[in-house]
Amino acid sequence: MTTGYQQQGGGTGMAAYHQESAARCPLNGSCDCCTCRCCGLFILICWVIFGGYGAINSLSVNSQLTTYPAGSVTCEDQLLNGECCKVGSIGYIDGSCDPWKTALEIDAAAGILNALAGVVGIIGMAMFIAWLLLIPAGWAIISVVLNVVVLVYIGFGTYAYASFFSFGIAACICILFYSNYKIMKETDPKSG
């Protein structure tokens, strides 16, 4: 099989993969050892660690939410009219806990799927299986959709700042893993 990289005069195999991975890395100019592969592995390891931690944290906070009915002594003590929601030891917010519980459940599910996508991506990078890199790229797009759902559901408060940051990260992740996919397809590192 002749790849597009070979038709341009490049070889195939592991050496060609490492050369092309370094050439396409925007950080390689300032750090000679940096490649798209090392950036990808770093991001995948972070996804596994922070995805697992985020899921555990979201489920923990979710279990600490308590809704008090309108007119309860607890809500009136906090000078809140109507229903109020106790958020663990943080304090009270006006309204029901239901939107927050749903948002935290979505966040926990996203954290678990981040960790799983990270593991699949690490396997793809370690075993040079190009199509496995499309899973973290696709999950990055889906995670943006989940963040939008959470923002619409609970409103554009303080959570919005973290979501806008995660939108940018997800876009970069999608580009990085698609780029790694293309490099693996073009250089065929298992062939040489």
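Everything that follows concerns the structure shown earlier in this document.
Residues numbered from 1 in each chain as written. Predicted model: local features only at pLDDT ≥ 70, side-chain atom pairs only at ≥ 80, totals over all residues. Heavy atoms only, no water.

## As for the overall build of the chain
Applicable threshold: By definition, any uninterrupted DSSP run of H or I lasting at least four residues is a helix, any uninterrupted run of E lasting at least two residues is a strand, and each is numbered from the N terminus. Each residue gets one of three labels from its accessible area relative to the maximum for its type: buried under 20%, exposed over 50%, partly exposed in between, using a 1.4 Å probe on protein chains only. Residues count as neighbours in contact if any of their non-hydrogen atoms are within 4.5 Å of one another. Accessible surface is estimated by sampling points in the Shrake-Rupley manner with a 1.4 Å probe; for residues, cover comes only from the protein chains shown.
A count of helices and strands for the chain gives seven helices and three strands. Counting across all 192 residues of the chain, residues that qualify as buried make up 38%. Considering only contacts within the chain whose residues lie at least 6 apart along the sequence, 60% involve residues at least 24 apart. Of the roughly 10,700 Å² that the chain leaves accessible, carbon and sulfur atoms contribute 66%.

## Digging into helix H3 (residues 36–62)
Cut-off, in case you're wondering: Given the number of residues in a helix, its expected span is that number minus one, multiplied by 1.5 Å.
Between its first and last C-alpha atoms H3 spans 37 Å; for 27 residues at 1.5 Å apiece the expected length is 39 Å, and the two agree. Here H3 has its buried residues at Cys36, Arg37, Cys39, Gly40, Leu44, Trp47, Gly51, Ala55, Ser58 and Asn62.

## Section: the nonpolar core
Keep this limit in mind: Nonpolar cores were defined as sets of buried Ala, Val, Leu, Ile, Met, Phe, Trp, Tyr and Cys residues, with membership established by side-chain atoms within 4.5 Å.
One finds Trp47, Leu133, Ala140, Phe177 and Met184 to be the most contacted residues of the largest nonpolar core, which totals 22 residues. If one sorts the elements of this core by residue count, helix H7 (residues 159–187) sits on top with eight residues. When near neighbours in sequence (up to four residues on either side) are disregarded, Trp47 contacts Gly52, Asn114, Ala115, Ala117, Gly118, Pro136, Trp139, Ala140 and Ile173.

## What to know about the side chain of Asn180
Along the polypeptide, Asn180 turns up in helix H7. Relative accessible area serves as the criterion here: at 0%, Asn180 is assigned to the buried category. Apart from residues lying up to four places away in sequence, Asn180 is in contact with Tyr17, Cys36, Arg37, Gly40, Met125 and Leu133.

## A word on the sheet that holds strand S2 (residues 84–87)
Filter applied, for reference: Strand pairing is defined by DSSP finding a minimum of two bridges between the two strands. With axes taken as lines fitted to C-alpha atoms, and helix axes fitted only over the stretch in contact, angles between N-to-C directions fall between 0 and 180 degrees.
Read from one edge to the other, the open sheet built from three strands follows the order S1-S2-S3, with strand pairing classed as antiparallel. With partners counted over all chains shown, the strands left at the sheet margins are strand S1 (65–68) and strand S3 (91–94), one partner each. Neighbour-to-neighbour, the strand axes of the sheet open up by a mean angle of 25°, direction not taken into account. Pairing analysis gives four bridges linking S1 to S2, with the strands arranged antiparallel. Across the sheet, the residue bridging to Tyr68 is Cys84, located in S2.

## Brief notes about the pairing of S2
Here S2 pairs with S3 via four bridges, running antiparallel. Its bridge partner lying in S3, Cys85 is registered against Ile93.

## Here's the deal with a nonpolar patch on the surface
Defined as follows: Patches in this entry comprise residues that are over 30% relatively accessible and not in a salt bridge; like charges within 9 Å are linked, as are nonpolar side chains (Val, Leu, Ile, Met, Phe, Trp, Tyr) within 5 Å. Salt bridges are counted wherever a side-chain nitrogen of Lys or Arg sits within 4 Å of a carboxyl oxygen of Asp or Glu.
Where nonpolar side chains cluster on the molecular surface, the patch consists of Trp131, Leu134, Ile135 and Tyr178 and spans about 410 Å² of accessible area. One can find Tyr178 in helix H7. Look at Tyr178 and you get partly exposed, because its relative accessible area is 44%.

## Remarks on the environment of Gly82
Checked against the element boundaries, Gly82 lands in the loop between helix H4 (73–77) and S2. Those residues in contact with Gly82 that lie beyond four places of it in its chain are Pro69, Ala70, Gly71 and Cys75.

## Points about the packing of H3 against helix H5 (residues 98–127)
In plain terms, the rule: What sets the label is the angle itself: under 35 degrees gives roughly parallel, over 145 gives roughly antiparallel, 65 to 115 gives roughly perpendicular, and the rest give oblique. Helix crossings get a hand from a simple test, with the near helix turned counterclockwise from the far one by less than a right angle marking a left-handed crossing and a clockwise turn marking a right-handed one. Each residue gets one label: Ala, Val, Leu, Ile, Met, Phe, Trp, Tyr, Cys and Pro are nonpolar, Asp, Glu, Lys and Arg are charged, and the others, such as Gly, are polar.
One way to put it is that H3 packs onto H5 with a least axis distance of 7 Å and a crossing angle of 155°. Taken together, H3 and H5 sit at an angle that is classed as roughly antiparallel. Here H3 runs over H5; the crossing is left-handed. Residue composition of the contact of H3 with H5, by class: 18 nonpolar, nine polar and four charged.

None of the figures reported here should be taken as evidence of function without further support.
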